[in-house]
Amino acid sequence: QAQLVESGGGLVQAGGSLRLSCEASGPTFGVSARGWFRQALGKEREFVASINWSGDTTYYSDSAKGRFTISRDNAKNTVYLQMNSLKPEDTAVYYCAATLRGGIRVYESDYAYWGRGAQVTVSS
C-alpha cells in the first residue's frame, strides 16, 4: 500500500507563492494519475488539479487555472503543486492523492491513496 506525504505548506501573504510536494513511499506499482484536492473550514473537499502518468496532460479547477501548476517527477515518486498569486480564499488543507486509474481524474472516488494533508494559509 502506497503512502503519501505532503510538504511545503505554510503561511504566505496574498499575492505570494508556495510550492507543495507529495512523495509516495512503499509499493507504487500501478499508480497512474495523481491529483490535488483542498478543504477549507466549513466547506467540502474540492478538486484542484490532476496530472496523468506521463505528465503531458493536466487539468485544473476554474479557481486554480492560470495560477497553479501541477507537475510530477516519477523517478522521485513525487508530485508538485506550484501556487502563485495566492488569495485568502486559497486557505485550506491541501491533500495529495494517487490512483491506479489512468488519464485525468477529478473525483474523490477515483482515488485510492491519500496523504494526511498540508495546511496553507494566505493572509490579507
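Definitions and limits used
Residues numbered from 1 in each chain as written. Predicted model: local features only at pLDDT ≥ 70, side-chain atom pairs only at ≥ 80, totals over all residues. Heavy atoms only, no water. Helix = DSSP H or I, 4+ residues; strand = E, 2+ residues; numbered from the N terminus. Buried < 20%, exposed > 50% of the residue type's maximum accessible area, 1.4 Å probe, protein only. Polar contact = N/O pair within 3.5 Å; in protein donor to acceptor, adjacent residues only side chain to side chain. Contact = heavy atoms within 4.5 Å. Pairing = 2+ DSSP bridges. Core = buried A, V, L, I, M, F, W, Y, C linked by side-chain atoms within 4.5 Å. Phe/Tyr/Trp six-rings, centres within 6.5 Å; stacked < 30°, edge-to-face > 60°. Lys NZ or Arg CZ within 6 Å of the ring centre and 35° of its normal.

K.L.:
In this structure, what is going on with the side chain of Thr99? I would like to understand it.
P.N.:
Mapped onto the fold, Thr99 is located in the loop between strand S9 (92-98) and strand S10 (113-114). Judged by its relative accessible area of 2%, Thr99 is buried. A polar atom in the side chain of Thr99 sits 2.6 Å from the backbone oxygen of Asp110. The residues touching Thr99, leaving out its near neighbours within four places in the chain, are Gly30, Val31, Ser32, Ala33, Arg105, Asp110, Tyr111 and Ala112.

K.L.:
Explain the pairing of strand S3 (residues 18-25) to me, please; I cannot follow it from the model alone.
P.N.:
Successive side chains on a regular strand alternate, one facing one side of the sheet and the next facing the other. One ladder, built from five bridges, connects strand S1 (residues 3-7) with S3; its direction is antiparallel. Paired with Glu6 across the two strands is Cys22, which belongs to S3. Of the strand pairs in this sheet, S3 and strand S8 (residues 78-83) are connected by six bridges, and their pairing is antiparallel. If you follow Cys22 over to S8, its bridge partner there is Val79.

K.L.:
Quick question: what am I supposed to make of the nonpolar core here?
P.N.:
One recurring pattern in soluble globular proteins is that nonpolar side chains are buried together. Among the nonpolar cores identified, the biggest contains 27 residues, and Trp36, Val48, Phe68, Ile70, Leu81, Met83 and Tyr94 are the most heavily contacted of them. For this core, the secondary structure elements donating two or more residues are S3, strand S5 (46-51), strand S7 (68-73), S8, S9 and strand S11 (118-123).

K.L.:
Where do I start with the packing of aromatic side chains in this structure?
P.N.:
Aromatic ring pairs are reported here in terms of the distance separating the ring centres and the angle at which the planes meet. For the structure on display, the rule yields five aromatic pairs. Summarising the aromatic geometry, the rings of Phe37 and Phe47 are spaced 5.7 Å apart at their centres and angled 75° between planes, so their arrangement reads as edge-to-face. Residue Phe37 is found in strand S4 (residues 34-39), and its partner Phe47 is found in strand S5; the two are separated by ten residues along the sequence. Summarising the burial analysis for this pair, Phe37 and Phe47 share the class buried. What links up through ring pairs into an aromatic cluster is the set Phe37, Phe47, Tyr59, Tyr111 and Trp114. In this arrangement the basic side chain of Arg45 is found over the ring face of Trp114, its NZ or CZ atom lying 5.1 Å from the centre.

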